Amino acid sequence: MQEEFENKTDRIIKVNIDDQMKSAYIDYAMSVIVSRALPDVRDGFKPVHRRILYGMNELGNTPDKPYKKSARTVGDVMGKYHPHGDGSIYMALVRLAQDWSMRYMLVDPHGNFGSIDGDMPAAMRYTEARLAPLAMEMLSDINKETVDFVSNYDDSTTEPSVLPSRIPNLLVNGASGIAVGMATNMAPHNLTEALNASLAYINARGEITIDELMEHIKAPDFPTGGIIYGYSGVRDAFHTGRGRIVIRGKAEIEPSTLHDQIIIRELPYLVNKAELVKSIAELVTTKRIEGISNIADESSSKAGIRIVIDVKRDAHAAVILNKLYKYTALQSSFSVNNIALVDGRPQLLNLKDIVGEFVKHRTDVVTRRTRYDLRKAEERLHILEGRIIATDNIDEVVAIIRASARQTEAIEKLMARFNLSQIQARSIVEMRLGQLTALEMNKLREEYEGLVKQIEFFNEILTNEDTLYRIISEELIEIRDKYGDVRRSDIVYASEELNPEDFYADEEMIITLSHLGYIKRTPLSAFRAQSRGGVGSKGTDTKDEDFVEYIYSASMHATMLFFTEKGRCFWLRVFEIPEGTRTSKGRAIQNILNLDPDDRVTTCIRIKNLTTDTEYVNSHYLTFVTRRGTIRKTLLEAFSRPRANGIIAIGLRDEDRVVSVLLSNGKSEFILASRNGKAIRFHESLLRPQGRQTMGVRGMRLEEDGKDEVIGAICIKKPDEESILVVSENGYGKRSQIDDYRITNRGAKGVITLKVTDKTGDLIEIKNVTDEHDIMIINKSGVTIRTHVKDISVQSRNTQGVRLINLERRGDEIASVCRVQAEEEEEVSEDIDTENSEVVENNTNETDNSTLE
């Protein structure tokens, strides 16, 4: 007994558990990688898909035969090749039959195979399927020893280790799978493009770059279409095997008299349509997206995908569409990870690797097929040689056969008499009498001659590389012409990220800035036009000690350059300015811009494309005008690199302050105006460009009364079309022709543009206007009026003008005047103060401020 126990203990092998676990796990991982999760680079299939196609082919379930129950296919594949459960096999078969999952379907479905809404397919006992025509091209020549066959899981039969595919299936249909420690996610591509790339690779004999291949394969081509938005991810995927491709659904805006509609006709790849509609509805419910009144899914099998989104009348469809791209799966990304099995090992592949491995596979398949055909042809030729000998000696052959007691004896005699092989002699003995006719004998010789030529051709293929590649190319061209189609996914070579302005319509806005520094933007449409002399409408609620001091117009996507009294410059996009109603106070600008406590904004300029239009910023200038009459011109390019904390825009002396900043093109004229009613006109060429921190030169000489100062300046760009509008602090104003102001040298005192009296008050504003403009006047109590410029008469320079606004409060004054584009609106009838609209003779001179251009 003791001896038996000792013998048993001798059979126990001690191992290190760490080493054993590592070894076992590596074996398991490699089994998953090779046998289940990763596709083969040659045919683009994982084992389950390969077995499904081969099993259906063996069942005779081909395109020219009736459909067979899916359960029969699944059962046959599971029983012979894939013992991993019927569920996994059926779902793999279903995916091969879904036109929204496969760029080119390989299984022809009949029945409910699911939907793009995520609906599950019917049970396999209800559905039917057969191979699609393209699948037959993947199985072509499989019985000609073109691929290796291996034993199945129980050694009861054999299965192909790879399919002799005529299409680069890994490219055209992609693949996805999760293995152990690695995963693959390969995008589908267009068959025509993939075959053209393969042909280019063959023609170059592999000496071709990835960029040259990309001339044929532009980008992935997804079965659901959509738009590939941005190209950097595509380029990364093709060059490195990894990349992030952004896909947008294809949507269009249909205008209507009632309301606009957004029609979604294509979805990003692998996006569930029902879930997308649900997510949009949730965003509307939670008010994360506003402006949508209704969502309807009108998709059908005939019309395809059609999701209709009704946009409210006052909303902007383009902005809502951009928000849908931002917050829903209407814009998704596909992360490419091109890992596939190459010679049984996982490898990360770029575009050239994939194309090259496919061409290598086709070369091997065609070579093996040619060898098979050559062997069969030679075997047949050998038989035909014997039969021809027999037909040439037919009488003697017949006599030998008739004289033989058995077939074996006849075979032996024929072999000895005519020096034939056993195969040839057996073939002669088995010939039918009908084959001895003259016609059949002629066919025999024709077949022999044809076989001789075939054998020569096969040998040419095997010995001449050019002939081999020509055959491969001809077959690829045949497939391309037969199954190729146009791209479904469009390509937009643009930024992959949504820009902030995509969420805002490019509307005209009114930007107001109060004396105490509260800023807001309000849609221009919120202000109605009134007749000259109207009392206006309430524009802004301000504190008693505050009032709106500056008002500007700008479009939503523009960049606003803010210039302060102390000569600093700050940047804001218009949509970054907080929105408010006509009567709201706004937000403190110190909370938006990094201003010094004792500094304030005096001027802002709108630039449409400040950072992108290099030609514009290098051909335009900013001219700074200070309170003490100093002027300086600097190239706009010096201000085209925004900084969060601002920059020094001009050097100032002592207590001098900036009053105006003008935008010009180098060919303009400037007019500077002073509080005492003087104005000076000179050409821009008198100013040479200087750096940002310089102080500038004298622009206008002021009167030495202690109170005179420059109140503003304008840039004259179209003297034949524009006129000069001046406004005094008590609400008087007029228009004058520019020619009334003579051109002088800079540095002079100028001419009278408004005779300052107690009635008019000091000059506070000068603008250049046309009949196509409106002006918005706002006083220190917050009342705003909008007036058509064409309603203000053109008078000579030495007139006082007419009343533009009634100041209802005693002591109230005009705070600011802004020029905006006129709009066609029904005027509001207001009482016009005709009593105070008389023309007063005085020497005035007026200029227009172009800082809003």
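Residues numbered from 1 in each chain as written. Predicted model: local features only at pLDDT ≥ 70, side-chain atom pairs only at ≥ 80, totals over all residues. Heavy atoms only, no water.

An unreviewed UniProt entry lists the protein chain under the name DNA gyrase subunit A, with Porphyromonas cangingivalis given as the organism. Quoted verbatim from the Sequence similarities (unreviewed entry) field of the UniProt record, the comment on the protein chain reads "Belongs to the type II topoisomerase GyrA/ParC subunit family." In its Catalytic activity (unreviewed entry) section, the UniProt entry covering the protein chain states "ATP-dependent breakage, passage and rejoining of double-stranded DNA." (UniProt positions renumbered as here; feature names shortened; annotations may be inferred.)

Colleague: Any chance you could explain the overall build of the protein chain here in plain terms?
Modeller: If you tally the helices and strands in the protein chain, you get 19 helices and 41 strands. Taken across its 853 residues, the protein chain has 52% of its residues classed as buried. Only carbon and sulfur atoms are counted for the fraction: they give 46% of the accessible area of the protein chain, which is about 39,600 Å². (Helix = DSSP H or I, 4+ residues; strand = E, 2+ residues; numbered from the N terminus. Buried < 20%, exposed > 50% of the residue type's maximum accessible area, 1.4 Å probe, protein only. Areas by Shrake-Rupley, 256 points an atom, 1.4 Å probe, with all protein chains shown as cover.)

Colleague: Explanation requested: the packing of helix H3 (residues 47-58) against helix H4 (residues 70-80) in the structure shown.
Modeller: Two quantities define a packed helix pair, namely the angle between the axes and the distance from one axis to the other. Look at H3 against H4: their axes get within 9 Å of each other, and the N-to-C directions meet at 110°. As judged from the angle between their axes, H3 and H4 are roughly perpendicular. Note that H3 runs across H4; the crossing there is right-handed. Listed contacts from H4 to Arg-51, Ile-52, Gly-55 and Met-56 of H3 are Thr-73, Asp-76 and Val-77. Residue composition of the contact of H3 with H4, grouped by class: three nonpolar, two polar and two charged. (Axes fitted to C-alpha atoms, helices over the stretch in contact; angles between N-to-C directions. Parallel < 35°, antiparallel > 145°, perpendicular 65-115°, else oblique. Left-handed = near helix turned anticlockwise from the far one by under 90°. Contact = heavy atoms within 4.5 Å. Nonpolar A, V, L, I, M, F, W, Y, C, P; charged D, E, K, R; others polar.)

Colleague: Explanation requested: the sheet that holds strand S31 (residues 678-683) in the structure shown.
Modeller: Two orientations exist for strands paired in a sheet by backbone hydrogen bonds: parallel and antiparallel. Reading across the sheet, the four strands line up as S33-S30-S31-S36 and stay open at both edges, with antiparallel pairing between neighbours. The two strands at the open ends of the sheet, each matched to only one other strand, are strand S33 (710-716) and strand S36 (751-752). Where strand S30 (residues 669-674) and S33 come together, six bridges link them in antiparallel fashion. Note on S33: the bridge partner recorded for Ser-674 is Val-710. (Pairing = 2+ DSSP bridges.)

Colleague: What exactly am I supposed to notice about the pattern of salt bridges here?
Modeller: Side chains that carry opposite charge are capable of pairing whenever their charged atoms lie near each other. For the coordinates displayed, the defined rule picks out 48 salt bridges. Among the ionic pairs, Asp-141 bridges to Arg-369, the shortest N-O distance being 2.9 Å. Taken as a pair, Asp-141 in the loop between helix H6 (133-139) and strand S4 (149-151) and Arg-369 in helix H13 (residues 351-392) lie far apart in primary sequence, 228 residues in all. Of the residues examined, Asp-141 reaches a relative accessible area of 17% and is grouped as buried. Arg-606 is paired through a salt bridge with Glu-508; the nearest N and O atoms lie 3.7 Å apart. Here Glu-508 lies in strand S18 (residues 508-514) and Arg-606 lies in strand S25 (residues 601-607), a separation of 98 residues in the sequence. Glu-508 sits in the partly exposed class, given a relative accessible area of 35%. Via salt bridges that share partners, Glu-137, Asp-141, Arg-166, Arg-362, Arg-369, Glu-475 and Lys-482 belong to a single interconnected network. (Salt bridge = Lys/Arg side-chain N within 4 Å of Asp/Glu carboxyl O.)

Colleague: For this particular structure, what's the right way to read the nonpolar core?
Modeller: Across soluble globular proteins, you tend to see nonpolar side chains buried next to one another. One finds Ile-52, Leu-53, Leu-106 and Leu-351 to be the most contacted residues of the largest nonpolar core, which totals 91 residues. The dominant element in this core, judged by the number of residues it contributes, is H13, at 11 residues. Beyond its immediate sequence surroundings of up to four residues, Ile-52 is in contact with Val-77, Ile-89, Ala-92, Leu-93 and Leu-96. Of all hydrophobic cores here, the second largest spans 23 residues; its members include Ala-251, Ile-289, Ile-320 and Leu-330. (Core = buried A, V, L, I, M, F, W, Y, C linked by side-chain atoms within 4.5 Å.)

Colleague: How should I be thinking about unusual backbone geometry in this particular structure?
Modeller: Keep in mind that most residues, glycine aside, have a negative phi and that most peptide bonds are trans. Despite not being glycine, Arg-205 has its phi angle at roughly 55°, a positive value. Relative to the assigned elements, Arg-205 resides in the loop between helix H8 (191-203) and helix H9 (210-213). Classification of Arg-205 as partly exposed rests on a relative accessible area of 36%. Although it is not a glycine, Asn-419 adopts a positive phi angle of roughly 60°.

Colleague: In this structure, what is going on with the pairing of strand S9 (residues 242-248)? I would like to understand it.
Modeller: Two faces make up the sheet, and in a regular strand the side chains alternate between them. Burial runs high along S9: five of the seven residues are buried. Across two bridges, strand S8 (residues 227-229) lies against S9 in antiparallel orientation. Pairing of Ile-227 across the sheet is with Arg-248, part of S9. In the sheet, S9 pairs with strand S14 (residues 331-337) via seven bridges, with the strands oriented antiparallel.

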